[in-house]
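Here's the letter readout for the chains.
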Amino acid sequence: MSKSPVSMPDAGRRGLLLGGAGALGALALGGKGLPVQAADTAGNAAAAAGAAPGASAEAGAGSAVAAAGSGAGASSRVVAAGAGHSLDTPLPPDVPILNGWPAHASVLIMLGAARRIAATVNQAKAHPWMYRVAPSLHDALLAPDRTFVLEDLLERNVQLAFVTPSDPTADKLASMGIRVVKTSFQDVASMRECILLTARELGGEAPERARVYLDHLDRALDGMKRWRARLPAKAGQPRVLHIPQWTPTLLADGEKTIIDEWIQAAGGRNAATGLSGSLRPVTLEQLLAWDPDVLVEAAKASRQKRPEGYAQLRAVRTQRVYTNPEGVFPWDRYGCEFPLQLRWAASRLHPDAMPGDDDLAERTQDFYQRFFGYRLEKAEAQRILKGEQPA
């Protein structure tokens, strides 16, 4: 993306910054939650899994969810109008965007706004399929450490920023005249709110794309409900444990998360009883106490060293350990590929009742063409299903 000329409002913002106490400096995008070392290790495994900088930011500022665009504490809401605008009046549907939450990038791509992303926290090495599907990201400002130089944002004429509810830089962005939207989601309901508000803010074709996607999501969820009703009683509900990271800190996902929702939708139950939230530190002793029937590893976790005693787990002994697919974003976490995750999980929990990878590969190809505008080859779909990076 070529540098955009600085408009008059931007010139005013530049003057405001230069008139401050010292140089422009840098703007760090961050949040609170898990310790920084837990989120930034293993090649930013937690960040790639949807965590905000140094935080379990899928849940944003806590687990409270309010209606999109309104109310204090809402997971998704406009908090700064932008120069010359009101909170209820979105900007024109072509302004450059800063995306400060890794998981939100898949929403922007699905809504047709990939080419508008002028600044991002998503690295190509952490999200190679994302960059394959949306190559314009290579031209965006990149701040893998969540630190953007303010002058660079002004030079790119960034006017709209999406950040997490706990991001401490929202006020600084607002002082630059940038419209700021705080957004996150930790379950299907708040994902819907995030998509609707993001589409409204993007304008243009985004609202219609959101409608089509959410209709697809609803039909996928309804289809899973009907499928579960047909499962024989003997199928039971396998106890499933999801591991987003093995090292250096062992993390697991508990209740009140989108992970818990897809486990249940796929005919299972979360083995992590008593654990609430995502990316929670646990011990091997706790894993052995839970002793899950099925173990699902995030794609990145599958490439990490397992702890001593791992082989004692029931799921390991019965060969029911699965690597989760990862595409534009990890399917198991906070991205738009959630409908695909539902069928993948069901095919692993109940392989006799749900078609396997051949069917999933075709569905993945169709999904990518329909919602990302990308013609995915079958070999590429198969790599995604295996949690592998592009060839």
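About the cut-offs
Residues numbered from 1 in each chain as written. Predicted model: local features only at pLDDT ≥ 70, side-chain atom pairs only at ≥ 80, totals over all residues. Heavy atoms only, no water. Salt bridge = Lys/Arg side-chain N within 4 Å of Asp/Glu carboxyl O. Helix = DSSP H or I, 4+ residues; strand = E, 2+ residues; numbered from the N terminus. Buried < 20%, exposed > 50% of the residue type's maximum accessible area, 1.4 Å probe, protein only. Pairing = 2+ DSSP bridges. Contact = heavy atoms within 4.5 Å. Axes fitted to C-alpha atoms, helices over the stretch in contact; angles between N-to-C directions. Parallel < 35°, antiparallel > 145°, perpendicular 65-115°, else oblique. Left-handed = near helix turned anticlockwise from the far one by under 90°. 1 Å grid on protein atoms, 1.4 Å probe; cavity = no way out; pocket = protein on both sides within 12 Å on 5 of 7 lines; lining within 4 Å. Points joined across faces, edges and corners; volume = space filled by probe spheres on them. Nonpolar A, V, L, I, M, F, W, Y, C, P; charged D, E, K, R; others polar.

Asks: What should I look at first to understand the pattern of salt bridges in this one?
Replies: For side chains bearing opposite charge, pairing can occur when the charged atoms are close. Enumeration over the complete set of coordinates arrives at 18 salt bridges. Two residues, Arg363 and Asp359, come together in a salt bridge whose shortest N-O distance is 2.8 Å. Taken as a pair, Arg363 and Asp359 lie in helix H13 (residues 357–372) at a separation of four residues, close to a single helical turn. Asp359 gets classed as partly exposed once you look at its relative accessible area, which sits at 22%. Glu377 serves as the salt-bridge partner of Arg375, at 2.5 Å between the closest nitrogen and oxygen. A residue is classified by how much of its surface remains accessible, and Arg375, at 60% relative accessible area, is exposed. A residue is classified by how much of its surface remains accessible, and Glu377, at 39% relative accessible area, is partly exposed.

Asks: When you look at the sheet that holds strand E2 (residues 77–80) in this model, what are you seeing that I'm missing?
Replies: Hydrogen bonds between backbone atoms are what pair the strands of a sheet, whose relative direction is either parallel or antiparallel. Overall, mixed pairing links the six strands, which are arranged E2-E8-E7-E3-E4-E5 in an open sheet. Each edge of the sheet is formed by a strand with only one pairing partner; in this case those strands are E2 and strand E5 (141–142). In this sheet, strand E4 (residues 117–120) lies alongside strand E3 (residues 97–99) in parallel orientation, the contact comprising three bridges. Within E4, the residue paired with Asn99 across the bridge is Thr120. Set on the sheet, helix H7 (residues 188–202) makes contact with E2, E3, strand E7 (160–163) and strand E8 (179–182); between it and E7 the angle comes to about 170°.

Asks: Sorry if this is basic, but what is going on with the packing of H7 against helix H8 (residues 206–230) here?
Replies: When two helices pack together, their arrangement is captured by the angle between the axes and the distance separating the axes. Contact geometry for H7 and H8: axes closest at 8 Å, N-to-C directions at 165°. One finds that H7 runs roughly antiparallel with respect to H8. The way H7 lies across H8 gives a crossing that is right-handed. On H8, the residues touching Val188, Met191, Arg192, Ile195, Leu196, Ala199 and Leu202 of H7 are Ala206, Pro207, Ala210, Tyr213, Leu214, Leu217, Asp218 and Leu221.

Asks: In this structure, what is going on with the layout of surface pockets? I would like to understand it.
Replies: With a probe scaled to a water molecule rolled over the atoms, the places where space remains empty come into view. Its boundaries defined by the atoms lining it, the largest pocket holds a volume of some 330 Å³. Of all the secondary-structure elements, those providing two or more residues to the lining of the largest pocket are H8, helix H12 (338–349) and H13. It is H8 that contributes the most residues to the lining of the largest pocket, eight residues altogether. Of the residues in the lining of the largest pocket, the class split is seven nonpolar, two polar and seven charged.

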